[in-house]
Amino acid sequence: MRTEILGVGFDNMTVEQAVAEGVRLLDTAGAHYVVTPNPEIVEICRGDADAMEAVRNADLVLADGIGVVYGAKMLGTPLKGRVTGIGFAQQLMSRMSENGKSLFLLGAKPGIAEKAAANLQRQYPGLRIAGTHDGYFQEDEPVAAEIAASGADAVFVCLGAPKQEKWMRKNGPATGARLLVGLGGCLDVFSGDVQRAPEFFQKSGLEWLYRLAKNPSRIGRMMKLPLFLVHVAGEKKK
Ligand code: UDP
């Protein structure tokens, strides 16, 4: 049973439980995908039926963002905690490294995925990088075919929301991979081009504030957070 917040059902899991499930899916036939909605994505889903469908059909729906954790609490159905996409990805790569699994990196501007691949290869020596592709392409089919030809076990799909969620739903089976994970701007972080917030901000749930200070043009996107909380309060009244 998922914890429903404004139509999006979240899996109530710790990061360790989520990674264990990811590892299990890697060894289970068929294409599976993971989404990590934050309040901004929940708000997008409310106005985009295809995005909602893509998120609801995911095999794992992880609560990324402190706003989702607050929202669940307000509704009287608290979650175990926040599971960030990046934290999930790091622990998954550790496990994949132990098992000799292969990973394809899809997304971000040209050159970024290659840089990320080189860094990840150093950090996770047993992990095999099956290939990379930037996120600015016109047709899906050739990209999915390239992933299939690479034989990747997993794909990190970093195209921003809701593009990546829709992409995984539509193209997952054609990639031949067992597990696809939608991870937004993570390749920019793995490449070293974008710094993650210092630990203080991460631990206190203020990572959004750090990102806003670094990049004030995000304000339009960030305003979705108060809107999300207003909508959750409305739901509670009902
Ligand atoms: N991106 C992409 N293709 C597109 C649009 C975006 O590959 O058509 C990439 C973009 O370069 C960035 C990521 O998707 O690396 C989105 O990052 P953002 O900061 O929006 O993601 P967040 O982590 O905030 O969801």
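Preceding this paragraph is the structure being described.
Residues numbered from 1 in each chain as written. Predicted model: local features only at pLDDT ≥ 70, side-chain atom pairs only at ≥ 80, totals over all residues. Heavy atoms only, no water.

1. Details of the pairing of strand β5 (residues 102-107)
Item 1. Burial analysis of β5 places six of its six residues in the buried class, which makes it a mostly covered element.
Item 2. Here β5 pairs with strand β6 (residues 128-133) via five bridges, running parallel. Considered in β6, the bridge of L105 is made with T132.
Item 3. What joins β5 to β6 is helix α6 (residues 112-123), and the crossover it makes is right-handed.
Item 4. The sheet contact formed by β5 and strand β7 (residues 154-158) spans five bridges and is parallel. Each residue of the ladder has a partner; that of L105, found in β7, is F156. (Buried < 20%, exposed > 50% of the residue type's maximum accessible area, 1.4 Å probe, protein only. Helix = DSSP H or I, 4+ residues; strand = E, 2+ residues; numbered from the N terminus. Pairing = 2+ DSSP bridges. Right-handed = clockwise from strand over helix to strand, strands pointing away.)

2. Structural notes on the site of the ligand
Item 1. Near the ligand you find 15 residues, and of these A108, G135, Y136, K163 and D188 are the closest.
Item 2. Measuring from an oxygen atom of the ligand, one finds a backbone N or O atom of G185 at 2.9 Å.
Item 3. The separation between an oxygen atom of the ligand and a polar side-chain atom of D188 is 2.5 Å.
Item 4. A total of 550 Å² of accessible area belongs to the ligand in isolation, and the protein chains cover 77% of it.
Item 5. Comparing atom positions with the cavity grids shows the ligand to sit within the largest pocket.
Item 6. Residues of the shell around the ligand, tallied by class, amount to four nonpolar, five polar and six charged. (Near = heavy atom within 4 Å. Polar contact = N/O pair within 3.5 Å; in protein donor to acceptor, adjacent residues only side chain to side chain. Areas by Shrake-Rupley, 256 points an atom, 1.4 Å probe, with all protein chains shown as cover. 1 Å grid on protein atoms, 1.4 Å probe; cavity = no way out; pocket = protein on both sides within 12 Å on 5 of 7 lines; lining within 4 Å. Sits in = over half its atoms within 2 Å of the grid points. Nonpolar A, V, L, I, M, F, W, Y, C, P; charged D, E, K, R; others polar.)

3. A closer look at the pattern of salt bridges
Item 1. Scanning all chains against the criterion turns up 15 salt bridges.
Item 2. Here E4 ties to R56 by a salt bridge, and the two come within 3.4 Å at their closest N and O atoms. Here the residue E4 occupies a position in strand β1 (residues 3-5), and R56 occupies one in helix α3 (residues 49-56), the gap between them amounting to 52 residues.
Item 3. E4 sits in the partly exposed class, given a relative accessible area of 39%.
Item 4. Residue R56 is classed as partly exposed on the basis of its relative accessible area of 42%.
Item 5. E207 is the salt-bridge partner of R82, the closest N and O atoms lying 3.5 Å from each other. (Salt bridge = Lys/Arg side-chain N within 4 Å of Asp/Glu carboxyl O.)

4. Details of the environment of G160
Item 1. Position of G160 among the secondary structure elements: in the loop between β7 and α8 (163-175).
Item 2. On a C-alpha basis, the gap between G160 and N171 in space is 16 Å, while along the polypeptide they are eleven residues apart.
Item 3. Beyond its immediate chain neighbours, meaning those up to four positions away, G160 contacts E165 and G184. (Contact = heavy atoms within 4.5 Å.)

5. A few points about the state of the cysteines
Item 1. Enumeration according to the criterion identifies zero disulfides in this entry.
Item 2. Left unpaired, C158 is separated from the closest cysteine sulfur, that of C186, by 5.8 Å.
Item 3. Exposure remark for C186: the relative accessible area of 9% places this residue in the buried category. (Disulfide = S-S within 2.5 Å.)

6. Re the sheet that holds strand β8 (residues 179-182)
Item 1. One open sheet accounts for six strands, arranged β4-β3-β8-β7-β5-β6; its pairing is parallel. The open sheet has two free edges, formed respectively by β4 (60-61) and β6, since each of these has just one partner strand.
Item 2. Relative to β4, strand β3 (residues 32-35) is paired through two bridges, and the arrangement is parallel. Across the sheet, the residue bridging to V35 is V61, located in β4.
Item 3. Packing against the sheet, helix α5 (residues 85-99) makes contact with β3, β4, β5, β7 and β8, and its axis sits at approximately 160° to β7. (Axes fitted to C-alpha atoms, helices over the stretch in contact; angles between N-to-C directions.)

7. A word on the layout of surface pockets
Item 1. Estimated volume of the largest pocket: approximately 1,500 Å³.
Item 2. Listing elements by their share of the lining of the largest pocket, those giving two or more residues are α2 (39-46), α4 (66-74), α5, α8, α9 (186-190), α11 (207-214), α12 (219-222) and α13 (224-237).
Item 3. The greatest single-element share of the lining of the largest pocket, amounting to five residues, is contributed by α11.
Item 4. Looking at the lining of the largest pocket residue by residue, the classes come out as 21 nonpolar, 15 polar and 14 charged.
Item 5. For the lining of the second largest pocket, the residue count by class is one nonpolar, four polar and five charged. (Points joined across faces, edges and corners; volume = space filled by probe spheres on them.)

8. Some points on helix α7 (residues 140-150)
Item 1. Of all the positions in α7, only D140, V143, A144 and I147 are classed as buried. For α7, the buried positions fall inside an angular range of 100° around the axis, keeping them on one side. Opposite its buried face, α7 presents the exposed residues E141 and A149, each directed more than 90 degrees away. (Arc of directions from axis to C-beta.)

The values are spatial; any link to function lies outside them.
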